[in-house]
Amino acid sequence: MEAYRVEFLVEPFTEGTIGPPVAAGIRAVEELGFTPEVGAFGTTIEGDQEPISDAIAALAVKAMDAGATRVSIQITRSDRS
């Protein structure tokens with residue numbers, strides 16, 4: 001079975017605070033059942049292909065609607081045993 005790890009960075013961001021575009025992206029994935037790991041240089045979620053695909057679409061739309069100027073997404077696929 002395959003697992004997916006998505007790291008995303010929403011801009012603009014201000015060091016030390018989560019602005020509206022970042023918060024909107026995080027909320028979007030939380031509403032789909034993910035528990036994101038919020039770090040200093042991005043946020044990470046993990047899951048199967050279909051839910052991850054839905055989360056990517058939702059976070060991009062919600063973050064942009066909230067004023068994001070850029071959403072960077074990195075997707076890594078790995079096999080689970």
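In case you missed it, the structure is sitting above this.
So, a few notes on the structure that sits alongside this text. This one's a predicted model, so the numbers in the text were calculated from it and none came from an experiment.

**Some thoughts on the sheet that holds strand 2 (residues 37-39)**
Inference 1: Taken together, four strands build an open sheet; the order of strands is 2-3-1-4 and the sheet is antiparallel. The open sheet has two edge strands with one neighbour each: strand 2 and strand 4 (70-79). Sheet twist, expressed as the average angle between the axes of neighbouring strands with direction ignored, equals 20 degrees.
Inference 2: Taken together, the 10 bridges between strand 1 (residues 2-11) and strand 4 define a ladder with antiparallel strand orientation. Bridging from a neighbouring strand, Val10 pairs with Val71 of strand 4.
Inference 3: Of the strands in this sheet, strand 1, strand 2 and strand 3 (42-47) are in contact with helix 1 (residues 20-31), which crosses strand 1 at around 160 degrees.

**Notes on the packing of helix 1 against helix 2 (residues 49-65)**
Inference 1: Interaxial distance between helix 1 and helix 2 falls to 8 Å at its minimum, and their mutual angle equals 150 degrees. By the angle class used here, helix 1 and helix 2 are roughly antiparallel. Between helix 1 and helix 2 the crossing geometry is right-handed. Contacts from Pro21, Ala24, Gly25, Ala28 and Val29 in helix 1 reach Ala55, Ala58, Leu59, Lys62 and Ala63 in helix 2.
Inference 2: Taken together, the residues that form the contact of helix 1 with helix 2 break down as eight nonpolar, one polar and one charged.

**Here's the deal with the pattern of salt bridges**
Inference 1: Under the counting rule described, the total for this entry stands at one salt bridge.
Inference 2: The shortest N-O distance in the salt bridge between Arg5 and Glu46 comes to 2.5 Å. With Arg5 in strand 1 and Glu46 in strand 3, this residue pair connects regions lying 41 residues apart in the sequence.
Inference 3: Arg5 sits in the partly exposed class, given a relative accessible area of 31%.

What counts, and where the lines are drawn
- Residues numbered from 1 in each chain as written.
- Predicted model: local features only at pLDDT ≥ 70, side-chain atom pairs only at ≥ 80, totals over all residues.
- Heavy atoms only, no water.
- Pairing = 2+ DSSP bridges.
- Helix = DSSP H or I, 4+ residues; strand = E, 2+ residues; numbered from the N terminus.
- Axes fitted to C-alpha atoms, helices over the stretch in contact; angles between N-to-C directions.
- Contact = heavy atoms within 4.5 Å.
- Parallel < 35°, antiparallel > 145°, perpendicular 65-115°, else oblique.
- Left-handed = near helix turned anticlockwise from the far one by under 90°.
- Nonpolar A, V, L, I, M, F, W, Y, C, P; charged D, E, K, R; others polar.
- Salt bridge = Lys/Arg side-chain N within 4 Å of Asp/Glu carboxyl O.
- Buried < 20%, exposed > 50% of the residue type's maximum accessible area, 1.4 Å probe, protein only.

All quantities given are derived from atomic positions and should not be read as evidence of function.
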